[in-house]
Amino acid sequence: MPRLVAASSRGILLSVAYDGRPFAGFARQRDQRTVAGELLGALRAIDPAIREIRGASRTDAGVHARDQRVAFDTAAPLPPRGWVLATARHLPDEIVIRRAAVVRVGYSPRFESLRKRYRYLILRDLVRDPFLSRRAWRVEGLTDDALARARAEAATATGTHDFAAFRTSADERTTTVRTLYGVELSLDPADPRLVRIDVDGNAFLHNMVRILVGTLMDVARGHLEPGAIARALASRDRRDAGITAPPDGLYLEQITLRDDGLDAWPAGAPADEAAAAGAGLEADAHVLPEPGPDAGAHVLPEPGPDAGAHVLPEPGPDAGARRLLDR
């Protein structure tokens, strides 16, 4: 029987930023610390009647976000400003609600998504940087010529293609055609050691961005011949693409929605607010040391299926393996 929603209920849409290092991903999982679990707990501290939260995009363990979009229904009479400020008291330091707005009851940001933009950070340095540990992937041998090869390779990924070769075996979707509006490589003006790879598209397969980045780096370093992306697109064979880049350097930068809500606080688009924060998590990387091993090996095993769904039910056993939805 469907849950009855009180007449006074309304939906609230959040823009959420987080440092993914301490979490087992966005979606809730049994016996794991997740972004959605922490967020739902903080929201329930304000309104215990909140039953679920609906995310726009899953992120895997270790992946960061500056503009994750999350919606929920509530009858609590708090304005958007109240949700931002009151919930902050109950969230860990690694998670912040950057914006809240009013939307209709049952609003699902996943189904309102028009395009998403990811950024991947690569550190080209001979030694590791403890301030960027698990915030950027350190890759050696990235000369200017190597980056030029990567830029030329990236151009072949732009457009509408069948990206079946750029997903994990856990992704069981039958439709693998996606449109990429741009794949751009640039140097961070504040730190030329950092290479930024921005990938903008309508939707993404599981690990699609990380496999694209891994392929670009393999071509750049001479591990794959130029034209690897074109060959993988034509064959639809995962073996023709490159390695899967580690999650450390991946950031969900922006999600563009059809309906961004009303009465937003702070006012303005979420992406504008994130930019005003001074590059968010990337800026934090220069002041928050993280002791421990280097950001990770260059070759990582494929992760297992994502455990959660976009609609997060009442706490209880995880629902198990499910058909993966758009990232």
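Above: the structure in question.
None of these values were measured; they are calculated from a predicted model. (Residues numbered from 1 in each chain as written. Predicted model: local features only at pLDDT ≥ 70, side-chain atom pairs only at ≥ 80, totals over all residues. Heavy atoms only, no water.)

Draft legend 1. Spatial organisation of the pattern of salt bridges. In this structure the tally under the stated criterion is 26 salt bridges. E38 is the salt-bridge partner of R33, the closest N and O atoms lying 2.8 Å from each other. Classification of R33 as partly exposed rests on a relative accessible area of 34%. According to the relative accessible area criterion, E38 is partly exposed, its value standing at 24%. R167 is the salt-bridge partner of D171, the closest N and O atoms lying 3.8 Å from each other. With respect to class, D171 is no different from R167; both count as buried. (Salt bridge = Lys/Arg side-chain N within 4 Å of Asp/Glu carboxyl O. Buried < 20%, exposed > 50% of the residue type's maximum accessible area, 1.4 Å probe, protein only.)

Draft legend 2. View of the packing of helix α1 (residues 35-46) against helix α2 (residues 80-88). Between α1 and α2, the least distance of the axes is 9 Å, while the angle of their chain directions is 110 degrees. Taken together, the axes of α1 and α2 are roughly perpendicular relative to one another. Facing α1, whose interface residues are A42, L43 and I46, α2 presents W83, A86 and T87. Looking at the contact of α1 with α2 residue by residue, the class counts come to five nonpolar, one polar and no charged. (Axes fitted to C-alpha atoms, helices over the stretch in contact; angles between N-to-C directions. Helix = DSSP H or I, 4+ residues; strand = E, 2+ residues; numbered from the N terminus. Parallel < 35°, antiparallel > 145°, perpendicular 65-115°, else oblique. Contact = heavy atoms within 4.5 Å. Nonpolar A, V, L, I, M, F, W, Y, C, P; charged D, E, K, R; others polar.)

Draft legend 3. Up close: the environment of D260. With respect to the element layout, D260 can be found in the loop between β10 (250-257) and β11 (262-265). Considered as a pair, D260 and L14 are 246 residues apart in the sequence and their alpha carbons are 9.4 Å apart. Among the polar contacts listed, one links the side chain of D260 to the side chain of R69, at a separation of 2.7 Å. (Polar contact = N/O pair within 3.5 Å; in protein donor to acceptor, adjacent residues only side chain to side chain.)

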